[in-house]
Amino acid sequence: MGLKDITAGDKIAHAIGARFIKSKKGTFGFEVAFEFVEPSTGGPERLSWVGWLSQNAIEKSLETLVEVLGYNGSEVTDPNGVLTDPNVLNFKKEVKLVVEMEEGRDAETGAPNGKLYPRIKWVNNIGGSMYQGVQVESIKNDL
């Protein structure tokens, strides 16, 4: 079990922990660890998602944290940035992770290293949609 066993696709998961992080470039983020059953092996796996808090990404990150994961706004952490409030996220809620394979990069040069790694692209509500359903009559009238 491990990263090499995780395949691309949708996974039903729940959050198991969260922490504040900072990239080497100084960008702050919110890292959430998830646990799920990997369909290809039937075993438990863990993978983390990062919601970056940069000017370009903060809106989508906060939308995911608040609307999907139930973030309560608590900023209480231990010395490693791990959020310690047991209700900081809805840890019991199941969500859908969209996992894609992404090419890794050399730590020093940043050049592609040719190895593929699983990455959480999206964290979504299960069965949720941002669109509202309409009836045929409404379509006929509006068109």
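Residues numbered from 1 in each chain as written. Predicted model: local features only at pLDDT ≥ 70, side-chain atom pairs only at ≥ 80, totals over all residues. Heavy atoms only, no water.

Observations regarding the overall build of the protein
Then, number 1: Scanning the protein from N- to C-terminus turns up 2 helices and 5 strands.
Then, number 2: Its helices and strands in sequence order give the protein the pattern β-β-β-α-β-β-α, from N to C terminus.
Then, number 3: By principal-axis analysis of the C-alpha atoms, the protein measures approximately 60 × 35 × 30 Å.
Then, number 4: Looking at the protein residue by residue over its 143 residues, the buried ones come to 27%. (Helix = DSSP H or I, 4+ residues; strand = E, 2+ residues; numbered from the N terminus. Buried < 20%, exposed > 50% of the residue type's maximum accessible area, 1.4 Å probe, protein only.)

Quick look at the pairing of strand β2 (residues 28–37)
Then, number 1: Here 9 bridges tie strand β1 (residues 9–22) to β2, and the two strands are oriented antiparallel to one another. Bridge pairing in β2 places Ala-18 opposite Val-32.
Then, number 2: Between β1 and β2, which pair antiparallel in sequence order, lie 5 residues; one of them, Gly-26, sits at a positive phi of approximately 95°.
Then, number 3: Bridge count between β2 and strand β3 (residues 44–52): 9 bridges; the pairing is antiparallel. Bridged to Phe-36 within β3 is Glu-45.
Then, number 4: Where β2 hands over to β3, the hairpin turn is made up of 6 residues, of which Gly-42 adopts a positive phi near 75°. (Pairing = 2+ DSSP bridges.)

Some remarks on the pattern of salt bridges
Then, number 1: Applying the stated rule across the entire model yields 7 salt bridges.
Then, number 2: The partner of Arg-46 in a salt bridge is Glu-35, and the shortest N-O contact between them spans 3.1 Å. Remark: Glu-35 occurs in strand β2 and Arg-46 occurs in strand β3; sequence separation between them is 11 residues.
Then, number 3: The class of Glu-35 is partly exposed, set by a relative accessible area of 23%. (Salt bridge = Lys/Arg side-chain N within 4 Å of Asp/Glu carboxyl O.)

Here's the deal with the packing of aromatic side chains
Then, number 1: Tallied over the entire structure, the rule returns 2 aromatic pairs.
Then, number 2: Seen in terms of ring centroids, Phe-20 and Phe-30 are 5.2 Å apart; in terms of plane orientation they differ by 90°. Their pairing is edge-to-face. Of this pair, Phe-20 sits in strand β1 while Phe-30 is found in strand β2, placing the two residues 10 residues apart along the sequence.
Then, number 3: Where Phe-30 meets Tyr-71, the ring centres are 5.1 Å apart and the plane angle is 70°; that geometry is what we call edge-to-face. With Phe-30 in strand β2 and Tyr-71 in the loop between α1 (58–68) and β4 (95–105), the pair connects residues that are 41 residues apart, well separated along the chain. Judged on exposure class, the residue Phe-30 and its partner Tyr-71 are both buried.
Then, number 4: Ring pairing ties together the aromatic residues Phe-20, Phe-30 and Tyr-71, which thus form one cluster. (Phe/Tyr/Trp six-rings, centres within 6.5 Å; stacked < 30°, edge-to-face > 60°.)

Focus on a nonpolar patch on the surface
Then, number 1: On the surface, a cluster of nonpolar side chains totalling about 210 Å² of accessible area is made up of Ile-58, Leu-62 and Val-66.
Then, number 2: Along the chain, Val-66 falls in helix α1. (Patch = residues over 30% accessible without salt bridge, like charges linked within 9 Å, V, L, I, M, F, W, Y side chains within 5 Å. Areas by Shrake-Rupley, 256 points an atom, 1.4 Å probe, with all protein chains shown as cover.)

Read these as geometric descriptors, not functional statements.
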